[in-house]
Amino acid sequence: MASEALRRAWHNRCPNCGEGALFQSRLKMAESCAVCGFDLSVLDAGDGPASLLVLFYGALIVPLAFWVESLFAPPLWMQAVFWGAVMLVLTLKTLRPIKALMIGWQFRHFDADKRFF
Ligand SMILES: [Zn+2]
C-alpha cells in the first residue's frame, strides 16, 4: 500500500485512486482528483524538492567544476555559464518527479485530520 502511493505519484496519478492526474501543469498540482475527488491541496511538498535538488546537484557539480578547472583551467565565465546551464537543465528535468515522490510520501503518512506524522 505504501509503495503503491509512491508508484502512483511517480506516474503522475492521484496517490489515492491511481486514476486522476496529479499535476494540472508542469509543476502546479491539481486542486483535487478529477476521478475520486480527493482533496490534493492538503498535500504540499513546499520547497522540499527544490532544496533537495540544490543540495544533490551542488554536491555533484562543485567537485566536477574543480576537476575541470584543474585539468583545463578554462575562463571563469565559461565555467559559470556551462555549469549554470547544466544545473538548470538537470533541475528542470527532475523537479517534477521529485515533487511527485514527495507528494506520494506525504500521502503515505496522510491522516484525515490533515496532520502529518
Ligand atoms: Zn483520485
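Each chain carries its own residue numbering, running from 1 in the direction its sequence is written. With the structure being a predicted model, the display of local features is reserved for residues of pLDDT at least 70 and the display and counting of side-chain atom pairs for 80 or more, all residues being used for whole-chain, interface and lining totals.

A. The arrangement of the environment of P49 in detail. Strands here mean DSSP runs of E at least two residues long; helices mean DSSP runs of H or I at least four residues long; both are numbered from the N terminus. By secondary structure assignment, the location of P49 is in helix 2 (residues 48-72). What makes P49 buried here is the crowd of 21 C-beta atoms within 10 Å. Sequence separation between P49 and L101 is 52 residues, and the spatial gap between their C-alpha atoms is 9.0 Å. Apart from residues lying up to four places away in sequence, P49 is in contact with L95, I98, K99 and M102. Exposure classification rests on a simple neighbour count of other C-beta atoms within 10 Å of a residue's own: a residue reaching 20 or more is buried, one at 12 or fewer is exposed, and one in between is partly exposed. C-beta atoms are placed from the backbone. We call two residues in contact when the distance between their C-beta atoms, placed using the backbone, is within 7 Å.

B. Main features of the nonpolar core. To define a nonpolar core, we join buried Ala, Val, Leu, Ile, Met, Phe, Trp, Tyr and Cys residues through C-beta atoms within 7 Å and take the resulting set. Within the largest apolar cluster, 10 residues are counted, these being A5, A9, C14, L22, C33, L40, L43, A100, I103 and F107. Residue assignment for this core shows that the elements contributing at least two residues are helix 1 (2-10) and helix 3 (76-108). For this core, the leading source of residues is helix 3, giving three residues. Residues contacting L40, with those up to four places away along its chain left out, are C14, M29, A30, E31, S32 and C33.

C. Fine view of the packing of helix 2 against helix 3. Interaxial angle, 0 to 180 degrees, is taken between N-to-C directions of lines fitted to C-alpha atoms, where a helix line uses only the stretch in contact. The N-to-C vectors of helix 2 and helix 3 enclose an angle of 150°; their axes lie 9 Å apart at closest approach. Judged by the angle between their axes, helix 2 and helix 3 are roughly antiparallel. Here helix 2 runs over helix 3; the crossing is right-handed. In contact with G48, P49, A50, L52, L53, Y57, I61, A65, V68 and E69 of helix 2, helix 3 contributes Q79, W83, V86, M87, L90, T91, T94, L95, I98, K99 and M102. Residue classes follow a fixed rule: Ala, Val, Leu, Ile, Met, Phe, Trp, Tyr, Cys and Pro count as nonpolar, while Asp, Glu, Lys and Arg count as charged, and any other residue, Gly among them, counts as polar. Here the residues of the contact of helix 2 with helix 3 sort into 15 nonpolar, four polar and two charged. Roughly parallel covers angles under 35 degrees, roughly antiparallel covers those over 145, roughly perpendicular covers 65 to 115, and oblique covers all other angles. For any pair of crossing helices, the crossing counts as left-handed if the nearer helix is rotated counterclockwise from the farther one by less than a right angle, and right-handed if it is rotated clockwise.

D. Spotlight on helix 3. By this rule the span expected of a helix is its residue count minus one, scaled by 1.5 Å. End to end, helix 3 covers 45 Å across 33 residues, agreeing with the expected 48 Å (1.5 Å per residue, within 8%). At T94, helix 3 shows its largest bend, some 40°, and a proline, P97, comes one to four positions later. Two axes enter the bend calculation: one fitted to the seven residues ending at the residue in question, the other to the seven starting there, and the bend is the angle between them.

E. Fine view of unusual backbone geometry. If you check the backbone angles, N12 has positive phi at about 60° while not being a glycine. Relative to the helices and strands, N12 is located in the loop between helix 1 and helix 2. Despite not being glycine, A73 has its phi angle at roughly 45°, a positive value. Along the chain, A73 turns up in the loop between helix 2 and helix 3.

Purely spatial values, then, with no claim about function.
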